[in-house]
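Chain by chain, the residues:
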Amino acid sequence: MTPADGPQTTSVRDTYDRIAEHFSKTREYPWPEVEDFLDGRSGDVGLDVGCGNGRHTELLAQRCDLAVGLDVSRGILREASARAAERGYSYALGQADAARLPVRSDAVDLAVYVATLPHVPTRERRVASLDELARALDPAGRALVSAWSTAHDRFAETEGFDTTVEWTLPGGETVDRFYHIYDPDEFRADVADSGLALVEFELSSGNCYAVVRSA
C-alpha cells in the first residue's frame, strides 16, 4: 500500500525516511494518555494512524484480534517491523497517507491518531484525514486524536500557526519537520467540521486530546 503522491505528502515522507532510525530510538514508551484511553477497551480491529515505530500499535495488538499500523514513511515502517519482530508482537503494517486510509468503511473498533495530525500540511487535508478516520470507524468504535497545541509552554502564540521544528541527527545534521500547531478552539472546530463527533476533550502536556466517534 502506497500513499497518493503530492509535494506535501512527499516532503513529510522524505523527512521521516531520513530520520527514521534515530527517531525510533527516542520513542521507546507509549504515551500515558494513550494507555489511559485504551484501558478497558478492546475490539476486533485496531488501527494506529501515523504508527511510527509501533509503540502504540503494540497496545492495540494486546486488545484487538487484528491490529494495523499505517505510516507515510517506509523507513519508519521498517523500524516498526524490526521492533515488532524483536519484541514478539504480531500486527499488520502498511504505507499510507492519513487522508487516504486503505481501510474498509465501518471496520475499525479502536483507533489512535496521535502526534500525526500536526504533520499534515494543509487544513483541507487535515480535515480529510479526520473524515477518513470517521469513515473507517465502526459506529460503536472510538478513537483518540491528538495534536500539539498553543497550550504548550514553549509557544507564545494563542492562535494556530504553521512552523518547522528541527530534528538533530547524530553528528549534528538538522532536519526540518513541518508542524501545524493548533489552538484548542481550532482543533475542536476541525473535529466538528469532519465526519467525527467529539465525545471527550482535554488538554494534557501541551497537547489537545479528543476521544471521538463517527458522526
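Our subject is the structure that appears above.
What you see is a predicted model, and the numbers here were worked out from it, not measured in a lab.

1. What about the overall build of the protein chain?
- Within the protein chain one finds six helices and nine strands.
- Taking 17 Å as the expected radius of gyration for a compact globule of 215 residues, we find that the protein chain reaches 16 Å, a close match to that expectation.
- The dimensions of the protein chain, computed from C-alpha atoms along their principal axes, are 45 × 40 × 30 Å.
- When burial is assessed residue by residue, the protein chain has 52% of its 215 residues classed as buried.
- Put simply, of all contacts in the protein chain between residues at least 6 apart along the chain, 66% involve residues at least 24 apart.
- If you average the places of the 22 positive and of the 37 negative side-chain charges in the protein chain, the two averages end up 3 Å apart.

2. Structural notes on the side chain of Ser204
- For Ser204, the location among the structural elements is in strand β8 (residues 196–204).
- Here the side chain of Ser204 touches Glu33 through a polar contact of 2.7 Å, side chain to side chain.

3. Some words on the state of the cysteines
- Tallied over the entire structure, the rule returns zero disulfides.
- No disulfide involves Cys64; its sulfur sits 15 Å from the nearest other cysteine sulfur, which is in Cys51.

4. Here's the deal with the pairing of strand β1 (residues 43–49)
- The element β1 is extensively covered by neighbouring structure, given that five of its seven residues are classed as buried.
- Across six bridges, the pairing between β1 and strand β2 (residues 64–71) is parallel. Of the residues in β2, the one forming a bridge with Leu47 is Val68.
- For the crossover that starts at β1, traverses helix α3 (residues 57–63) and ends in the parallel β2, the hand is right-handed.

5. Brief notes about the packing of aromatic side chains
- For the structure shown, the criterion picks out eight aromatic pairs.
- Ring plane angle 90° and centroid distance 5.3 Å describe the contact between Tyr16 and Phe23, whose orientation is recorded as edge-to-face. Residues Tyr16 and Phe23 agree in their burial class; the two are buried.
- Taking the centre distance of 5.3 Å and the plane angle of 55° together, the rings of Phe23 and Trp167 count as tilted. Here Phe23 is found in helix α1 (residues 7–25), whereas its partner Trp167 is found in strand β6 (residues 161–168), with 144 residues between them in sequence.
- Judged by its relative accessible area of 11%, Phe23 is buried.

6. Observations regarding the pattern of salt bridges
- Taken as a whole and judged by the stated rule, the model has 11 salt bridges.
- Residues Glu28 and Arg83 are paired through a salt bridge, measuring 3.9 Å at the closest nitrogen-oxygen approach. Of the two residues, Glu28 is situated in the loop between α1 and α2 (32–38) and Arg83 in helix α4 (residues 74–87); the sequence distance between them amounts to 55 residues.
- A relative accessible area of 7% places Arg83 in the buried class.
- Between Arg135 and Glu132 there is a salt bridge, and its shortest N-O distance comes to 2.8 Å. Residue Arg135 and its partner Glu132 are located together in helix α5 (residues 123–136), separated by three residues, close to a single helical turn.
- Judged by its relative accessible area of 24%, Arg135 falls in the partly exposed class.
- Among the ionic contacts, a cluster of salt bridges with common partners joins Glu28, Glu58, Arg83 and Arg87.

Calculation rules
Residues numbered from 1 in each chain as written. Predicted model: local features only at pLDDT ≥ 70, side-chain atom pairs only at ≥ 80, totals over all residues. Heavy atoms only, no water. Helix = DSSP H or I, 4+ residues; strand = E, 2+ residues; numbered from the N terminus. Rg over C-alpha atoms; globule rule 2.2 N^0.38 Å. Buried < 20%, exposed > 50% of the residue type's maximum accessible area, 1.4 Å probe, protein only. Contact = heavy atoms within 4.5 Å. Lys, Arg positive; Asp, Glu negative; His and termini not counted. Charge placed at Lys NZ, Arg CZ, Asp CG, Glu CD. Polar contact = N/O pair within 3.5 Å; in protein donor to acceptor, adjacent residues only side chain to side chain. Disulfide = S-S within 2.5 Å. Pairing = 2+ DSSP bridges. Right-handed = clockwise from strand over helix to strand, strands pointing away. Phe/Tyr/Trp six-rings, centres within 6.5 Å; stacked < 30°, edge-to-face > 60°. Salt bridge = Lys/Arg side-chain N within 4 Å of Asp/Glu carboxyl O.

Function cannot be inferred from these measures alone, as they are strictly geometric.
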